[in-house]
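The primary structure of each chain is shown beneath.
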Amino acid sequence: MSPVVSVKNLTKAFGRHTILEECALVVEEGEAYGLVGLNGAGKTTLIRLLLGVLRADKGEIAVLGENPWRHDALLHRRMGVVLDHDGLWGNLTFEQNMKIFAAAKGVSWSASLSYMEEYWSRTNIYNNRKAVKFFSRGQRMQCALCRAFLGWPDLYFFDEPAVALDVDAYEHFKSLVMAARKRGASFLISSHQLDTIDDFADRVGMLREKRLIELARKAEQGNRLWSLETDDNPRWATIIREQCGGAPAFVEGEWQFESTHADTDIPVLIKRLAGAGCAIRKVAPIVRDFSVTIRNEYRRNAAEELHRGVT
Amino acid sequence: MSQCLLVLRKEWLNFVRSDKSVFFIYLFLIIGWGMLLATMNRGGSLGSPLWLVFFSVIIAANFSGTVFVSERMSGSLEILLTSGLSRGAILWGKMMFVIIMTLAVGVACILAASVLQRFMAPPEIASVFYFQWTYVALYAGATFLNTTSCACFSVWLPNPRLLHFVNIALVGCIMAGYVALSLSRPLSLFLVAFVMSFVGILFAWLARRAFESERIIKPVIF
């Protein structure tokens, strides 16, 4: 597999404020990369750099083998983009919007119609003759998603794609992503909604202190993340920390923690907890939750910053 | 060219599906300004060309506000930039729309002035036609200049409310220069139209550079 996105030593500053410094990122063909970070961490800036809307101060960016800052229209035709705003023309209908975007992408209207017929005919935006400005926020986001998948591009950049989607629309979005992935498409998804990252990403990176840190791969998650159902006594956190390291967190009635040596650590941990009087209801690996890793990372960051502030 | 026409079509659709009140405002503006031109034109003074040029400032800046600024504010420009259209096509498509619409409104205004003039005080026919052709050339030059400067300053200025003022300043300087020079020897108004078109070409080049820069997505401040 070859990388569809390759970033080396990327630095970007606005005036005196450096947003990204010496960032590196590789997204392989067919891969879905989840991008997380606190507000203002630089996620949108990174996406704009990858789209060629912003220019890097330093470093190299290659998207589908080309420098996006060259503003090659043909490169953009191979991309599907959803940004934090829908980018639709409010006075136009859904169909008029799609006609213009299809023509801009070089997709024939007959091909676009068959795509919309197949994937969007059961949604309430299809055949809706009202101007888009009268649509709800969720409907507008669906229009934006419909636009992104027009012509089945090779690479998708999504910035908060699931905002305002209801349950049905979200499931529909998932089915579209799966269909695109079957065609070999790659994704870069930035979201604060950790469920979205869980559902789509194969790999997760966090922007923190101007750099991109790789947090986890989906394949590793099963071995690393565990949940322990018991009460919220802080003593249990101390025992878990002593045995497995990391920063256990009590979330929704269970302790969530990481264990890199689960085969040896977990049996010993259970014995120690039982010996200390802990009423264990259930111990189980968390198979696919990036969200726990991300939350733990956020907590660790906050603790570090607090510690730095004190010292 | 086909990409330019696509952008032009998009802008046209977006305009014709605007609120109906917009069209009434333009209609009132055409009649009102036409009356102004008709009454000013009687003596063949410089009053009419000046009013016509400033009419172009208002109309071009107004259309530019929708086409260049609103789209930046709503975020749809950023999507358009990544939609597979070249930046040049986006810029020229939008400018073509502003120019065509401003010209259409201006020609309607001149026609309205000509009709109203006949009712108010019929002048000599030859004089009317001479002035009308000069007016058309002057209005076209001013429209081109105002459109290209709006395209350029909509990116450069953090507050696009200033578009009208920038255009008034630009056009005002050119017209003042013309008046100053014509004090010593009589000059044709076609010369003003030519100068405006030349400065317009300069701004078109600057607008192209502005569209290629990353300032194009800078937040708009109101």
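Everything below is about the structure printed above this text.
Residues numbered from 1 in each chain as written. Chains lettered and ligands numbered in written order. Predicted model: local features only at pLDDT ≥ 70, side-chain atom pairs only at ≥ 80, totals over all residues. Heavy atoms only, no water.

Engineer: Quick question: what am I supposed to make of the overall build of chain B here?
Structural biologist: A tally of helices and strands in chain B yields 8 helices and 0 strands. The linear arrangement of helices and strands in chain B, starting from the amino end, is α-α-α-α-α-α-α-α. Here chain B, with 222 residues, has 52% of them falling under the buried criterion. Working note: accessible area of chain B is about 10100 Å², and carbon and sulfur atoms make up 74% of it. (Helix = DSSP H or I, 4+ residues; strand = E, 2+ residues; numbered from the N terminus. Buried < 20%, exposed > 50% of the residue type's maximum accessible area, 1.4 Å probe, protein only. Areas by Shrake-Rupley, 256 points an atom, 1.4 Å probe, with all protein chains shown as cover.)

Engineer: Please clarify how helix H4 (residues 109–120) of chain A should be interpreted in this entry.
Structural biologist: For an α-helix the count is 3.6 residues per turn, leaving residues at separations of three or four pointing the same way. Residues and elements named next belong to chain A. All of the buried residues along H4 are Ser112, Tyr115, Met116 and Trp120. For H4, the angular spread of buried residues about the axis comes to 95 degrees, placing them on one side. The outward face of H4, more than 90 degrees from its buried face, is lined by the exposed residues Ser110 and Glu118. (Arc of directions from axis to C-beta.)

Engineer: How should the packing of aromatic side chains be read in this particular structure?
Structural biologist: Within a pair of aromatic rings, the relevant descriptors are the distance that separates the centres and the angle that separates the planes. This model, assessed by the stated rule, comprises 27 aromatic pairs over all chains. Ring centres 6.2 Å apart and planes at 70 degrees place the aromatic pair Phe15 of chain B and Tyr26 of chain B in the edge-to-face group. Separated by 11 residues along the polypeptide, Phe15 of chain B in helix H1 (residues 2–16) and Tyr26 of chain B in helix H2 (residues 20–40) bring together distant segments of the chain. Of the two residues, Phe15 of chain B and Tyr26 of chain B, both sit in the buried class. Each residue in the set Tyr115, Tyr119, Phe149, Trp152, Tyr156, Phe158, Tyr170, Phe173, Phe187 and Phe200 of chain A is aromatic and connected to the rest through ring pairs, giving one cluster. Taking the ring centre of Phe101 of chain A as reference, the NZ or CZ of Arg147 of chain A above it sits at 5.0 Å. (Phe/Tyr/Trp six-rings, centres within 6.5 Å; stacked < 30°, edge-to-face > 60°. Lys NZ or Arg CZ within 6 Å of the ring centre and 35° of its normal.)

Engineer: What's the story with the sheet that holds strand S10 (residues 225–229) of chain A in this structure? I'm lost.
Structural biologist: Strands belonging to one sheet form pairs held by backbone hydrogen bonds; the direction of such a pair is parallel or antiparallel. All names here are of chain A. The strand order across the open sheet formed by 4 strands is S11-S12-S10-S13, and the pairing between neighbours is antiparallel. Strand pairing shows two members of the sheet lacking a second neighbour, strand S11 (249–251) and strand S13 (282–285), which therefore form its edges. With direction set aside, neighbouring strand axes in the sheet form an average angle of 25 degrees. On top of the sheet, helix H9 (residues 234–244) reaches S10 and strand S12 (254–258); it is set at about 20 degrees to S12, its chief contact. The sheet contacts of helix H10 (residues 262–275) involve S10, S12 and S13, and relative to S10 the element is tilted by about 15 degrees. (Pairing = 2+ DSSP bridges. Axes fitted to C-alpha atoms, helices over the stretch in contact; angles between N-to-C directions. Contact = heavy atoms within 4.5 Å.)

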